[in-house]
Amino acid sequence: MSAIYVQQLKQEGETFVLGMGEFIVSSSPGAVLSCIGLGSCIAVCIYDKLVKVGGMVHIVLPRHDGPVDDNPGRYGNTAVPFLLEQVTKRGGMKNRLTAKLAGGAQMTTAPGLRDTFKTGERNLAEVKAALEREKVPLAAADVGGTTGRTVKLFIDTGVVTVRTVGGIAREL
Amino acid sequence: MEARDALQEIQTGSHDAVKVFSGGFDNAMAGLSQMAGQEIKVTSMDFRKVPVKDVTELFGGPEALIIAVYLEITGKSNGQMVVVYEPNVAFDLIDLLLCQPQGTTRELSEMERSTLGEVGNIMGSFFLNYISDNTGVSFQPSPPAVMMDMAGAILDATLAGLMEFSDDIYIMETVFGTRDRQVSGTFLVMPDPGLEAR
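Residue indices begin from 1 for each chain and proceed along its sequence in written order. Numbering of ligands from 1 and lettering of chains from A proceed in the order in which they are written. Residues qualify for local features only when their pLDDT is at least 70, as the model is predicted, and side-chain atom pairs are given and counted only at 80 or more; totals for whole chains, interfaces and linings, by contrast, use all residues. Each side-chain value is derived from all of the structure's non-hydrogen atoms; neither hydrogens nor water enter the calculation.

1. Concerning the overall build of chain B
Okay, so step 1: Of regular secondary structure, chain B possesses five helices and seven strands.
Okay, so step 2: What counts as a helix is a DSSP run of H or I of at least four residues, what counts as a strand is a run of E of at least two, and both are numbered from the N terminus. Order of helices (α) and strands (β) in chain B, N terminus to C terminus: α-α-β-β-β-α-α-β-β-α-β-β.
Okay, so step 3: Among the 198 residues that make up chain B, the fraction classed as buried is 56%.
Okay, so step 4: Restricting the contact set of chain B to residue pairs at least 6 apart, pairs at least 24 apart contribute 72%. For the exposure calls, accessible area comes from a 1.4 Å probe over protein chains only, and a residue counts as buried if that area is under 20% of its type's maximum, exposed if over 50%, partly exposed in between. Whether two residues are in contact is decided by their heavy atoms, any of which lying within 4.5 Å being enough.

Following this line, the structure appears as structure tokens:
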């Protein structure tokens, strides 16, 4: 029995905003896929530039072992293969896919705290390991640091932009 | 109140929990008043349940610029507290505390961070002391972490842990200030979701 992933993505026109653990795949030329205000979370962007199909997932936590029928997009180790599967179902070819990442920050380095804010680096390690297992090359990444990011993937071109507070969006 | 469930009770929204929570925050204002050298009081308080995924909407959305003072709670149960301000409101609070004219503070440099951190420390300590006194359970705050960035970025690490166990959290929105000046902040208290597993 295949799992059902119920999502109600925020959408304005063809701009989609992914909440924590959400994913989307699109081949619509006007579509813009986005994750807003990423701290430790990571946006994984997957794109096939020949057929112009792309996908994005908003990863929240590093790893989950065991069934995740209700939310595979939430965890680094399950979200990557899941997103790749969704992209290939919609026409992408695995050997043409490339990945771009953004997020995984540590928003505070204040001493005396538990490891909550180190989730970003753990997320990044799991995502990179998953991409290696799947043999999908990592084309670019804007990760780590201590600032939040907003990420957009433009389906017509495959361009990924990243913006930080007070900054302008720059191409990854 | 059961000691084991001291923090978790807050998340059930029970009447006893609300009373204790309110008392804790009034006590936090007492601490802030001592710090400021003038009376700062809660002028309104709203205690309600919010879906975890919608928490950032309270502050204008995940991309909204906020200033947050974050502290961890340790003790027999663990948890987190976050005080969130709009930047201009935080600057007003700093001016109030430093007895400066409103509008003096315009950015968050070391001195301002330290001031807000101390605010968080005082509020957190006084709040937890009240909870401890009324539940018989000892809680301590961590050192404060002051952050200024997008709301989603500041809160996602904290919310990520919560989402695995709960779809909703209880939040306390408060307005507080002196007779002449009002500042409003949102005070979130989030128990360690692992409590349920113990």
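2. Notes on the overall build of chain A
Okay, so step 1: When you go through chain A residue by residue, the secondary structure sums to two helices and eleven strands.
Okay, so step 2: Each helix (α) and strand (β) of chain A, taken in turn from the N terminus, gives the series β-β-β-β-β-β-α-β-α-β-β-β-β.
Okay, so step 3: As defined in this context, the radius of gyration uses C-alpha atoms, and a globule is described by 2.2 Å times the residue total to the power 0.38. Rg of the C-alpha trace for chain A: 15 Å, near the compact-globule value of 16 Å for 172 residues, within the 12% margin.
Okay, so step 4: Principal-axis analysis of the C-alpha atoms places the extent of chain A at approximately 50 × 40 × 30 Å.
Okay, so step 5: Residues classed as buried in chain A amount to 52% of the 172 residues present.

3. A few points about the sheet that holds strand 2 (residues 15-17) of chain A
All names here are of chain A.
Okay, so step 1: Pairing between two strands is assigned when DSSP locates at least 2 bridges connecting them. Spatial ordering of the open sheet is given by 1-2-4-9-10-11, a layout of six strands whose pairing is mixed. Every interior strand has two partners, whereas the edge strands, strand 1 (10-12) and strand 11 (170-171), have only one.
Okay, so step 2: Relative to strand 2, strand 1 is paired through three bridges, and the arrangement is antiparallel. By the bridge assignment for strand 2, Lys 10 is matched with Val 17.

4. What to know about the pairing of strand 3 (residues 23-26) of chain A
All names here are of chain A.
Okay, so step 1: Of the two faces of strand 3, the one lined by Phe 23 and Val 25 and the one lined by Ile 24 and Ser 26 are each fully buried.
Okay, so step 2: Across four bridges, strand 3 lies against strand 6 (residues 53-59) in antiparallel orientation. Bridge pairing in strand 6 places Ser 26 opposite Gly 54.

5. Re the sheet that holds strand 8 (residues 138-143) of chain A
All names here are of chain A.
Okay, so step 1: Spatially, 3-6-5-7-8 is the arrangement adopted by the five strands of the open sheet, whose pairing is mixed. Each of the sheet's edge strands pairs with one partner strand only, and the pair in question is strand 3 and strand 8. Sheet twist, expressed as the average angle between the axes of neighbouring strands with direction ignored, equals 10°.
Okay, so step 2: Examined bridge by bridge, strand 5 (residues 42-48) and strand 6 share seven bridges and lie antiparallel to one another. Pairing of Val 44 across the sheet is with Val 57, part of strand 6.
Okay, so step 3: Across the sheet, helix 1 (residues 76-89) lies against strand 3, strand 5, strand 6 and strand 7 (97-103), angled at about 160° from strand 6, the strand it touches most. Convention adopted: a line fitted to C-alpha atoms gives each axis, helices being fitted over their contacting stretch, and angles between N-to-C directions are expressed from 0 to 180 degrees.

6. Brief notes about the side chain of Thr116(A)
Okay, so step 1: Relative to the helices and strands, Thr116(A) is located in the loop between strand 7 and helix 2 (119-134).
Okay, so step 2: Discounting residues that sit within four places of it in the chain, Thr116(A) has contacts with Tyr70(B), Glu72(B), Gln80(B), Ala157(B) and Thr158(B).

7. With respect to the packing of aromatic side chains
All names here are of chain A.
Okay, so step 1: Here is the rule: rings of Phe, Tyr and Trp (six-membered ring for Trp) pair when centre to centre is within 6.5 Å. Planes less than 30 degrees apart are stacked, more than 60 are edge-to-face, and the remainder are tilted. Taken as a whole, this structure holds two aromatic pairs over all chains when the rule is applied.
Okay, so step 2: Relative to Phe 82, the ring of Phe 23 lies with its centre 4.7 Å away and its plane at 90°, an arrangement referred to as edge-to-face. Here the residue Phe 23 occupies a position in strand 3, and Phe 82 occupies one in helix 1, the gap between them amounting to 59 residues.
Okay, so step 3: On the accessibility criterion, Phe 23 (13% relative accessible area) is buried.
Okay, so step 4: Here Phe 82 falls in the buried class, since its relative accessible area comes to 5%.

8. Thoughts on the interface of chain A and chain B
Okay, so step 1: Every contact between the two is made by 30 residues of chain A and, on the other side, 28 residues of chain B.
Okay, so step 2: Contact between chain A and chain B buries roughly 2,300 Å² in total, counting both sides, with carbon and sulfur atoms accounting for 61%.
Okay, so step 3: In what follows, salt bridge is the name for a side-chain nitrogen of Lys or Arg lying within 4 Å of a carboxyl oxygen of Asp or Glu. The interface formed by chain A and chain B contains one salt bridge.
Okay, so step 4: Between Arg163(A) and Glu63(B) there is a salt bridge; the shortest N-O distance is 3.0 Å.
Okay, so step 5: Think of a polar contact as two N or O atoms within 3.5 Å of one another; within protein, one of them needs to be a possible hydrogen donor and the other a possible acceptor, and neighboring residues in sequence only count if both atoms come from side chains. Where chain A meets chain B, there are ten residue pairs in polar contact (both at pLDDT 80 or more).
Okay, so step 6: When contributions to the side of chain A that touches chain B are tallied by element, the ones reaching two or more residues are strand 4 (32-38) and strand 9 (149-154) of chain A.
Okay, so step 7: Here the side of chain A that touches chain B takes three residues from strand 4 of chain A, the largest share from any one element.
Okay, so step 8: Gly falls in the polar group here, along with every residue not listed as nonpolar (Ala, Val, Leu, Ile, Met, Phe, Trp, Tyr, Cys, Pro) or charged (Asp, Glu, Lys, Arg). Taken together, the residues that form the side of chain A that touches chain B break down as 13 nonpolar, twelve polar and five charged. Accessible-area loss on putting two parts together, using a 1.4 Å probe and summing over both, is the definition of buried area adopted here.

9. A closer look at the packing of helix 1 of chain A against helix 2 of chain A
A pair of packed helices is captured by two measures, namely the crossing angle of their axes and the spacing between those axes.
Residue and element names in this part refer to chain A.
Okay, so step 1: Axis separation between helix 1 and helix 2 bottoms out at 8 Å; the angle between their running directions is 40°. By the angle class used here, helix 1 and helix 2 are oblique. Considering how the two elements wind past one another, helix 1 and helix 2 form a crossing that is right-handed. The residues of helix 2 that touch helix 1, namely those facing Gly 76, Asn 77, Val 80, Pro 81 and Leu 84, are Glu 126, Val 127, Ala 130, Leu 131, Arg 133 and Glu 134.
Okay, so step 2: Across the contact of helix 1 with helix 2, the residue classes tally to six nonpolar, two polar and three charged. Orientation categories follow fixed angle ranges, with anything under 35 degrees roughly parallel, anything over 145 roughly antiparallel, 65 to 115 roughly perpendicular, and all other angles oblique. Crossing handedness: left-handed means the near helix sits turned counterclockwise from the far one by under a right angle, and right-handed means the same turn made clockwise.

10. Some remarks on the pattern of salt bridges
Residues and elements named next belong to chain A.
Okay, so step 1: Counted under the stated rule, the structure contains nine salt bridges over all chains.
Okay, so step 2: Taking the shortest distance from any N to any O, the salt bridge between Asp 65 and Arg 63 comes out at 3.1 Å.
Okay, so step 3: On the accessibility criterion, Asp 65 (54% relative accessible area) is exposed.
Okay, so step 4: Measuring nitrogen to oxygen at the nearest pair gives 2.5 Å for the salt bridge that ties Lys 94 to Glu 134. Linking Lys 94 in the loop between helix 1 and strand 7 with Glu 134 in helix 2, this pair joins segments that are 40 residues apart in sequence.
Okay, so step 5: Relative accessible area serves as the criterion here: at 36%, Lys 94 is assigned to the partly exposed category.
Okay, so step 6: With a relative accessible area of 22%, Glu 134 lands in the partly exposed category.

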